[in-house]
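Structural characterization, general
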Amino acid sequence: MKNLSDAFCPIARGLTCVGDAWSMLILRDASLGLTRFDEFRKSLGIAPTILTRRLATLTEEGLLEKRRYSERPPRDEYVLTAAGGDFLPVLILLGAWGRQYRGEGRLARYIDAETGEEIEPVAVDAVSGAKIGTRPIRVAAPE
């Protein structure tokens, strides 16, 4: 596979940062307030070596920031950057898709903490106001 980080397609470039399930689940957990290695490991049931690699990549890509919270012993936490926080709508939309097309069994729901209502995400084009997927699209060459 060619190097997607140089691709003209913004989807391909985005996938270079978060193109695997573990990375997306780490970002999900970070969006829900988890910050520490052991919290991520416990929540995800992920092997420590895989978690270490994914945290390093998400930090290098600018989605997480590594911050020292203890000097003795040295301990770091991982906090969402603006770019990491801006990924939350993508995750919520992916979850809605998963609920609709892979919704067998019991599934978690995402609730608006202020209203108590379940979130029903919709992707809308800010220019036209149209729901994305209801109108044809085309890809334009980079300028």
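Each value, and the rule that gives it
- Residues numbered from 1 in each chain as written.
- Predicted model: local features only at pLDDT ≥ 70, side-chain atom pairs only at ≥ 80, totals over all residues.
- Heavy atoms only, no water.
- Patch = residues over 30% accessible without salt bridge, like charges linked within 9 Å, V, L, I, M, F, W, Y side chains within 5 Å.
- Areas by Shrake-Rupley, 256 points an atom, 1.4 Å probe, with all protein chains shown as cover.
- Salt bridge = Lys/Arg side-chain N within 4 Å of Asp/Glu carboxyl O.
- Helix = DSSP H or I, 4+ residues; strand = E, 2+ residues; numbered from the N terminus.
- pLDDT = per-residue confidence, 0-100.
- Pairing = 2+ DSSP bridges.
- Phe/Tyr/Trp six-rings, centres within 6.5 Å; stacked < 30°, edge-to-face > 60°.
- Lys NZ or Arg CZ within 6 Å of the ring centre and 35° of its normal.
- Expected span 1.5 Å × (residues − 1).
- Buried < 20%, exposed > 50% of the residue type's maximum accessible area, 1.4 Å probe, protein only.
- Arc of directions from axis to C-beta.
- Contact = heavy atoms within 4.5 Å.
- Core = buried A, V, L, I, M, F, W, Y, C linked by side-chain atoms within 4.5 Å.

Quick look at a nonpolar patch on the surface
Together, Leu32, Tyr110 and Ile119 make up a nonpolar patch on the protein surface, roughly 270 Å² of accessible area in all. Residue placement: isoleucine 119 occurs in the segment after helix 6 (88–101).

Observations regarding the confidence of the model for the protein chain
Chain-level statistics for the protein chain give a pLDDT mean of 92 and a share of 96% at 70 or above. Taken element by element, the predicted model of the protein chain shows its lowest mean pLDDT in helix 1 (residues 10–18) (88) and its highest in helix 3 (residues 37–44) (98).

A short note on the pairing of strand 1 (residues 64–70)
A regular strand places its side chains so that they alternate between the two faces of the sheet. Here strand 1 runs beside strand 2 (residues 75–80); their pairing, made up of six bridges, is antiparallel. Bridge pairing in strand 2 places serine 70 opposite arginine 75.

Some words on the packing of aromatic side chains
Given two aromatic rings, one states the distance between the centres and the angle between the planes to describe the pair. Enumeration according to the criterion identifies one aromatic pair in this entry. Between tryptophan 97 and tyrosine 101, the aromatic rings sit 5.7 Å apart at their centres with planes inclined by 40°, giving tilted as the arrangement. In this pair, tryptophan 97 and tyrosine 101 both sit in helix 6, four residues apart, roughly one turn of the helix. One cation-aromatic arrangement involves arginine 36 over tyrosine 69; the distance from NZ or CZ to the ring centre is 3.7 Å.

Digging into the pattern of salt bridges
All told, the structure shown has nine salt bridges when counted by the stated rule. Residues joined in a network through salt bridges with shared partners are Lys66, Arg68, Glu71 and Asp76.

Section: helix 6
Its 14 residues place the ends of helix 6 20 Å apart at the C-alpha level, agreeing with the 20 Å of an ideal helix rising 1.5 Å per residue. Within helix 6, burial applies to Leu91, Ile92 and Gly98. Mapping the buried residues of helix 6 onto a view down its axis gives an arc of 120°, with all of them on the same face. If you follow the buried residues of helix 6, they end up packed against helix 2 (21–31).

Quick look at the environment of proline 89
Locating proline 89 in the fold gives a position in helix 6. Separated by 34 residues in the primary sequence, proline 89 and alanine 123 have C-alpha atoms spaced 8.8 Å apart.

A closer look at the nonpolar core
The biggest cluster of nonpolar side chains holds 17 residues, and the ones touching the most others in it are Val18, Ile26, Leu27, Phe40, Leu55, Leu58 and Leu64. Put simply, the parts of the chain that give this core at least two residues each are helix 1, helix 2, helix 3 and helix 4 (48–60). Tallying contributions element by element places helix 2 first for this core, with four residues. With residues up to four places along the chain from it excluded, the contact list for phenylalanine 40 reads Ile26, Asp29, Ala30, Leu34, Thr35, Gly45, Ile46, Leu51, Leu55 and Tyr78.

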